[in-house]
Structures are given as C-alpha cells and as structure tokens.
Amino acid sequence: VDYTVSLYQFLKGPWNIFQGGQKSQFLAYVPYAMQAYYSTFSTFAPEVAMNFWSAVQSNDLKKAGEVVLKYDVPFFQKWSHPFWRATLEHFGLASRYLRPPERGFTDVQMAEVKSFYEGLGLNPKS
C-alpha cells in the first residue's frame, strides 16, 4: 500500500485499477477512487464478498471493516497453500492433495478446518 499510494501522488489523476488480496487493502485504496477488488472468499463463500461489497456500496465502512475483522483476518492468519487446498476440499471445490514435496492436510487437520469455518459461520452448501 505504501508504495502504491506514493505512485498515486507522483502520477496524479484517477487510475483504473483494482485490488487483489485482502479486503483491508481495498479499503486503504478507497480514498484514491479504487472501485473493484478480487475476493478470495468469492471462490467458496460468496456471501462474505457480497456482504463486504454491499457495505462499501452503501458507504458503510464500519460494516465493511467488521467483515474484514470477522473473516479476512483469521483466514489470512491461517493462510498457506495447504490450507487453501484444504479450504477448497472442505467446500467441495477441489482436492486438498498436493504434489511432493508439498504436503496436503491430514484428516485431523481437515477436522480443524471444518471447526475453523464453523466458527466463522461458514459451511459447505449441501
């Protein structure tokens, strides 16, 4: 964010860009007219991304920040490639298994993934 904001100052004017990564980074760019972002959650829990965007559209940045704190912070604290693959399997989208030397999650770790998402109130659709 620090590097990009200084580019805004140097190049002036609005840019047609969008944010990848965490929703909190998008919120940091709102004052610079950013209008779009990628959401990791849209892959497996689109309601999270839609709730965040709805708050942004209604200019309720407090609510948008609450979505960041509830979902993004704990998710990205756990982030790793094996965790991502475990997430995809948990939500029925892909397999958790990875080619060596990477190691996919064990069944015990998958139970922890299930508990993590239950704690966030996110469950696979039946």
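Our subject is the structure that appears above.
Every residue gets a number counted from 1 within its own chain, in the order that chain's sequence is written. Residues qualify for local features only when their pLDDT is at least 70, as the model is predicted, and side-chain atom pairs are given and counted only at 80 or more; totals for whole chains, interfaces and linings, by contrast, use all residues. Remark: hydrogens and water are excluded; side-chain values derive from all non-hydrogen atoms of the structure.

Trainee: Please clarify how the packing of helix H5 (residues 81-90) against helix H6 (residues 107-119) should be interpreted in this entry.
Mentor: Two quantities define a packed helix pair, namely the angle between the helix axes and the distance between the axes. Orientation is described by lines fitted to C-alpha atoms, with helices fitted over the stretch in contact, and by angles between N-to-C directions that extend from 0 to 180 degrees. Runs of H or I in DSSP of at least four residues are treated as helices and runs of E of at least two as strands, each being numbered from the N terminus. Running from N to C, H5 and H6 cross one another at 75°; their axes reach a closest spacing of 10 Å. When the interaxial angle is binned, H5 and H6 end up roughly perpendicular. Of the residues in H6, those touching H5 at Phe-83, Ala-86, Thr-87, Glu-89 and His-90 are Met-110, Val-113, Lys-114, Phe-116 and Tyr-117. The scheme is simple: roughly parallel for angles under 35 degrees, roughly antiparallel for over 145, roughly perpendicular for 65 to 115, oblique for anything else. Contacts are residue-level and defined by heavy atoms, with any inter-residue pair within 4.5 Å sufficient.

Trainee: Can you walk me through the packing of helix H3 (residues 46-57) against helix H4 (residues 61-78) in this structure?
Mentor: Where H3 meets H4, the closest approach of the two axes is 8 Å, and the angle between their N-to-C directions is 155°. Taken together, the axes of H3 and H4 are roughly antiparallel relative to one another. Touching Val-48, Phe-52, Ala-55 and Val-56 of H3 are Lys-63, Ala-64, Val-67, Val-68 and Tyr-71, all from H4. Tallied by class, residues from the contact of H3 with H4 come to eight nonpolar, no polar and one charged. Residues are grouped as follows: Ala, Val, Leu, Ile, Met, Phe, Trp, Tyr, Cys and Pro are nonpolar; Asp, Glu, Lys and Arg are charged; all remaining types, including Gly, are polar.

Trainee: Help me out: how do you make sense of the nonpolar core in this one?
Mentor: Note that soluble globular proteins tend to have their nonpolar side chains buried in a common cluster. We define the nonpolar core as a collection of buried residues of types Ala, Val, Leu, Ile, Met, Phe, Trp, Tyr and Cys that are connected through side-chain atoms lying within 4.5 Å of one another. In this scheme, a residue with accessible area under 20% of its type's maximum is buried, one over 50% is exposed, and one in between is partly exposed, where area comes from a 1.4 Å probe on protein chains only. Counting residues in hydrophobic clusters, the biggest one holds 26 residues, and the most contacted among them are Phe-41, Phe-44, Tyr-117 and Leu-122. Elements that contribute at least two residues to this core include exactly H3, H4, H5 and H6.

Trainee: Just to check I follow, could you spell out the environment of Phe-52 for this structure?
Mentor: Its location among the elements puts Phe-52 in helix H3. Residue classification places Phe-52 among the buried residues on the basis of a relative accessible area of 0%. For the pair formed by Phe-52 and Ala-64, sequence separation is 12 residues and the distance between their alpha carbons is 5.1 Å.

Trainee: Explanation requested: the packing of aromatic side chains in the structure shown.
Mentor: Given two aromatic rings, one states the distance between the centres and the angle between the planes to describe the pair. When the centres of two rings from Phe, Tyr and Trp lie within 6.5 Å, Trp using its six-membered ring, the rings pair. Their planes under 30 degrees apart give stacked, over 60 give edge-to-face, and anything left gives tilted. Under the definition given, this model contains 18 aromatic pairs. Measuring from ring centre to ring centre gives 6.1 Å for Phe-44 and Trp-84, while their planes differ by 65°; the resulting arrangement is edge-to-face. Of the two residues, Phe-44 is situated in the loop between helix H2 (23-29) and H3 and Trp-84 in helix H5; the sequence distance between them amounts to 40 residues. For Phe-44, a relative accessible area of 7% corresponds to the buried category. Using a relative accessible area of 17% as the deciding quantity, one classes Trp-84 as buried. Centre to centre, the rings of Phe-44 and Phe-91 are 4.9 Å apart; their planes meet at 40°, and the pair counts as tilted. With Phe-44 in the loop between H2 and H3 and Phe-91 in the loop between H5 and H6, this pair connects stretches of sequence that are 47 residues apart. Each of the two residues, Phe-44 as well as Phe-91, counts as buried. In textbook terms, an aromatic cluster arises when at least three aromatic residues are bridged by ring pairs, as seen for Phe-41, Phe-44, Tyr-71, Phe-75, Phe-76, Trp-79, Phe-83, Trp-84, Phe-91, Phe-105, Phe-116 and Tyr-117.

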